[in-house]
Amino acid sequence: QVQLVESGGGLVQAGGSLRLSCAASGSTSSTYAMGWFRQAPGKDREFVAAIGWNGGDIYYKDSVKGRFTISRDNTKNSVYLQMNSLKPEDTAVYYCAADSATWYTPVLVTQYEYWGQGTQVTVVS
(Lines give C-alpha, C1' and ligand atoms only; values in the text may rest on other atoms or scores of the structure.)
Protein backbone atom coordinates (compact mmCIF):
# COMPACT_ATOMS: atom_id res chain seq x y z
CA GLN A 1 0.00 0.00 0.00
CA VAL A 2 1.25 3.47 -0.93
CA GLN A 3 -0.01 6.79 0.37
CA LEU A 4 0.52 9.94 -1.65
CA VAL A 5 0.25 13.53 -0.46
CA GLU A 6 0.52 16.47 -2.88
CA SER A 7 1.46 20.02 -1.99
CA GLY A 8 2.50 23.23 -3.69
CA GLY A 9 -0.63 24.24 -5.51
CA GLY A 10 -1.99 27.77 -5.44
CA LEU A 11 -3.05 30.86 -7.35
CA VAL A 12 -0.58 32.34 -9.83
CA GLN A 13 -0.67 34.82 -12.67
CA ALA A 14 -0.19 33.71 -16.23
CA GLY A 15 3.49 33.36 -17.02
CA GLY A 16 4.31 32.47 -13.44
CA SER A 17 5.67 29.28 -11.91
CA LEU A 18 4.71 26.71 -9.32
CA ARG A 19 6.42 23.59 -8.04
CA LEU A 20 4.25 20.70 -6.99
CA SER A 21 5.55 18.05 -4.64
CA CYS A 22 4.27 14.57 -3.93
CA ALA A 23 5.44 12.68 -0.87
CA ALA A 24 5.01 8.92 -0.98
CA SER A 25 4.95 6.58 1.97
CA GLY A 26 4.66 2.84 2.19
CA SER A 27 6.88 -0.06 1.39
CA THR A 28 8.96 0.05 -1.80
CA SER A 29 7.40 3.34 -2.92
CA SER A 30 10.78 4.42 -4.24
CA THR A 31 10.57 1.68 -6.88
CA TYR A 32 7.20 2.81 -8.24
CA ALA A 33 6.59 4.65 -11.49
CA MET A 34 5.09 8.06 -10.72
CA GLY A 35 2.83 10.32 -12.68
CA TRP A 36 1.08 13.66 -12.57
CA PHE A 37 -2.46 14.07 -13.88
CA ARG A 38 -4.90 16.95 -13.80
CA GLN A 39 -8.63 17.44 -13.93
CA ALA A 40 -10.37 20.67 -14.83
CA PRO A 41 -14.05 21.26 -13.93
CA GLY A 42 -16.32 19.30 -16.23
CA LYS A 43 -13.47 17.48 -17.92
CA ASP A 44 -11.91 14.05 -17.65
CA ARG A 45 -8.71 13.51 -15.73
CA GLU A 46 -5.78 13.79 -18.12
CA PHE A 47 -2.15 12.80 -18.21
CA VAL A 48 0.45 15.52 -17.63
CA ALA A 49 3.79 13.82 -16.99
CA ALA A 50 5.28 10.52 -15.85
CA ILE A 51 8.65 9.26 -14.70
CA GLY A 52 9.90 5.70 -14.40
CA TRP A 53 10.96 4.19 -11.10
CA ASN A 54 14.64 4.95 -11.74
CA GLY A 55 14.06 8.26 -13.53
CA GLY A 56 15.14 6.79 -16.82
CA ASP A 57 11.88 7.19 -18.74
CA ILE A 58 10.09 10.52 -18.79
CA TYR A 59 6.96 11.45 -20.74
CA TYR A 60 4.96 14.66 -21.08
CA LYS A 61 1.65 15.76 -22.47
CA ASP A 62 2.43 17.68 -25.65
CA SER A 63 0.96 20.96 -24.41
CA VAL A 64 3.28 21.07 -21.38
CA LYS A 65 6.53 20.06 -23.08
CA GLY A 66 9.17 22.72 -22.59
CA ARG A 67 7.23 24.30 -19.72
CA PHE A 68 6.87 21.50 -17.15
CA THR A 69 9.59 19.28 -15.71
CA ILE A 70 8.99 16.11 -13.72
CA SER A 71 11.68 14.80 -11.40
CA ARG A 72 12.03 12.48 -8.45
CA ASP A 73 14.23 12.00 -5.42
CA ASN A 74 14.05 8.40 -4.29
CA THR A 75 16.03 9.17 -1.13
CA LYS A 76 13.08 11.34 -0.08
CA ASN A 77 10.36 9.18 -1.68
CA SER A 78 9.19 12.27 -3.51
CA VAL A 79 8.29 13.35 -7.02
CA TYR A 80 8.07 16.92 -8.24
CA LEU A 81 6.47 18.86 -11.06
CA GLN A 82 8.09 22.18 -11.87
CA MET A 83 5.62 24.25 -13.86
CA ASN A 84 6.84 27.36 -15.68
CA SER A 85 5.17 29.76 -18.10
CA LEU A 86 1.80 28.80 -16.71
CA LYS A 87 -1.32 29.49 -18.74
CA PRO A 88 -4.96 29.84 -17.69
CA GLU A 89 -5.69 26.53 -19.44
CA ASP A 90 -3.36 24.82 -16.95
CA THR A 91 -5.92 25.51 -14.23
CA ALA A 92 -7.01 22.22 -12.69
CA VAL A 93 -6.71 19.96 -9.70
CA TYR A 94 -3.37 18.18 -10.03
CA TYR A 95 -3.04 14.60 -8.84
CA CYS A 96 0.00 12.50 -8.10
CA ALA A 97 -0.20 8.80 -8.93
CA ALA A 98 1.97 5.74 -8.36
CA ASP A 99 2.17 2.33 -9.98
CA SER A 100 4.30 -0.70 -9.18
CA ALA A 101 5.26 -1.27 -12.83
CA THR A 102 9.02 -1.37 -13.31
CA TRP A 103 9.19 -2.61 -16.91
CA TYR A 104 7.36 0.37 -18.43
CA THR A 105 6.20 3.85 -17.43
CA PRO A 106 2.41 4.19 -17.37
CA VAL A 107 0.73 7.22 -18.95
CA LEU A 108 -2.94 6.25 -18.67
CA VAL A 109 -5.24 6.98 -15.74
CA THR A 110 -6.33 3.34 -15.65
CA GLN A 111 -2.76 2.08 -15.32
CA TYR A 112 -2.11 3.72 -11.96
CA GLU A 113 -2.87 1.96 -8.69
CA TYR A 114 -2.52 4.72 -6.12
CA TRP A 115 -3.66 8.34 -6.11
CA GLY A 116 -3.23 11.38 -3.93
CA GLN A 117 -6.02 13.71 -2.90
CA GLY A 118 -5.05 16.43 -5.36
CA THR A 119 -3.89 20.03 -5.13
CA GLN A 120 -5.57 22.98 -6.83
CA VAL A 121 -3.65 25.06 -9.36
CA THR A 122 -5.34 28.24 -10.56
CA VAL A 123 -3.76 30.43 -13.23
CA VAL A 124 -5.29 33.85 -13.79
CA SER A 125 -4.65 36.15 -16.72
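This one's a predicted model, so the numbers in the text were calculated from it and none came from an experiment.

Student: Could you give an account of the environment of Thr-119, naming the residues involved and the relevant values?
Tutor: Assignment of secondary structure puts Thr-119 in strand S11 (residues 119-124). Separated by 99 residues in the primary sequence, Thr-119 and Leu-20 have C-alpha atoms spaced 8.4 Å apart. In contact with Thr-119, other than residues within four places in its own chain, are Glu-6, Ser-7, Gly-8, Gly-9, Leu-20, Ala-92, Val-93 and Tyr-94. Within the structure, the side chain of Thr-119 is placed 3.2 Å from the backbone nitrogen of Gly-9, a separation counted as a polar contact.

Student: Go over the pattern of salt bridges with me, naming the residues and quoting the values.
Tutor: Once their charged atoms are close, side chains differing in charge can pair, the charge on each being opposite to the other. Per the stated rule, a full pass over the model turns up 5 salt bridges. Residue Arg-38 is joined to Glu-46 by a salt bridge in which the shortest nitrogen-to-oxygen separation is 2.6 Å. Given the relative accessible area of 6%, Arg-38 is considered buried. For Lys-61, the salt bridge identified is with Glu-46, shortest N-O distance 3.3 Å.

Student: Hey, could you go over the state of the cysteines for me, with residue numbers and the actual values?
Tutor: Tallied over the full model, the rule gives 1 disulfide. The disulfide bridge from Cys-22 ends at Cys-96, spanning 2.1 Å between sulfur atoms. For the disulfide bridge between Cys-22 and Cys-96, the dihedral angle about the S-S bond is near -80 degrees, and by the sign convention the bridge is left-handed. Here Cys-96 lies in strand S9 (residues 92-99) and Cys-22 lies in strand S3 (residues 18-25), a separation of 74 residues in the sequence. With a relative accessible area of 0%, Cys-22 lands in the buried category. A relative accessible area of 0% places Cys-96 in the buried class.

Student: Which residues make up the side chain of Glu-6, and what values do they have?
Tutor: Counting through the fold element by element, Glu-6 comes out in strand S1 (residues 3-7). We note that Glu-6 is buried and unpaired, the nearest opposite charge coming from Arg-45 at a distance of 7.4 Å. Reaching out from Glu-6, the side chain makes a polar contact with the backbone nitrogen of Cys-96 at a distance of 2.8 Å. Looking at Glu-6, its side chain comes within polar contact range of the main-chain nitrogen of Gln-117, at 3.0 Å. The contact partners of Glu-6, leaving out residues within four places of it in the chain, are Ser-21, Cys-22, Trp-36, Tyr-94, Tyr-95, Cys-96, Gly-116, Gln-117, Gly-118 and Thr-119.

Student: Please give an account of the nonpolar core that cites residues and values.
Tutor: By size, the foremost hydrophobic cluster in this structure holds 27 residues, and its most contacted members are Leu-4, Met-34, Trp-36, Leu-81, Met-83 and Tyr-94. The set of elements that each furnish at least two residues to this core consists of S3, strand S4 (33-39), strand S5 (46-51), strand S7 (68-73), strand S8 (78-83), S9 and S11. Counting residues in each nonpolar core, the second largest holds 5 residues, with Phe-37, Ala-50, Ala-97 and Tyr-112 among its members.

Student: Can you break down the packing of aromatic side chains residue by residue, with the values?
Tutor: All chains considered together, the criterion is met by 6 aromatic pairs. Note on Phe-37 and Phe-47: the rings are 5.8 Å apart at their centroids and 75 degrees apart in plane angle, and the pair reads as edge-to-face. Within this pair, whereas Phe-37 is found in strand S4, its partner Phe-47 is found in strand S5, the two being separated by 10 residues in sequence. Ring centres 5.3 Å apart and planes at 75 degrees place the aromatic pair Phe-37 and Tyr-112 in the edge-to-face group. With Phe-37 in strand S4 and Tyr-112 in the loop between S9 and strand S10 (114-115), this pair connects stretches of sequence that are 75 residues apart. Each member of the pair, Phe-37 as well as Tyr-112, is classed as buried. Sitting above the plane of the Tyr-95 ring, Arg-45 keeps its charged end 3.7 Å from the centroid.

Calculation notes
- Residues numbered from 1 in each chain as written.
- Predicted model: local features only at pLDDT ≥ 70, side-chain atom pairs only at ≥ 80, totals over all residues.
- Heavy atoms only, no water.
- Helix = DSSP H or I, 4+ residues; strand = E, 2+ residues; numbered from the N terminus.
- Contact = heavy atoms within 4.5 Å.
- Polar contact = N/O pair within 3.5 Å; in protein donor to acceptor, adjacent residues only side chain to side chain.
- Salt bridge = Lys/Arg side-chain N within 4 Å of Asp/Glu carboxyl O.
- Buried < 20%, exposed > 50% of the residue type's maximum accessible area, 1.4 Å probe, protein only.
- Disulfide = S-S within 2.5 Å.
- Lys, Arg positive; Asp, Glu negative; His and termini not counted.
- Core = buried A, V, L, I, M, F, W, Y, C linked by side-chain atoms within 4.5 Å.
- Phe/Tyr/Trp six-rings, centres within 6.5 Å; stacked < 30°, edge-to-face > 60°.
- Lys NZ or Arg CZ within 6 Å of the ring centre and 35° of its normal.

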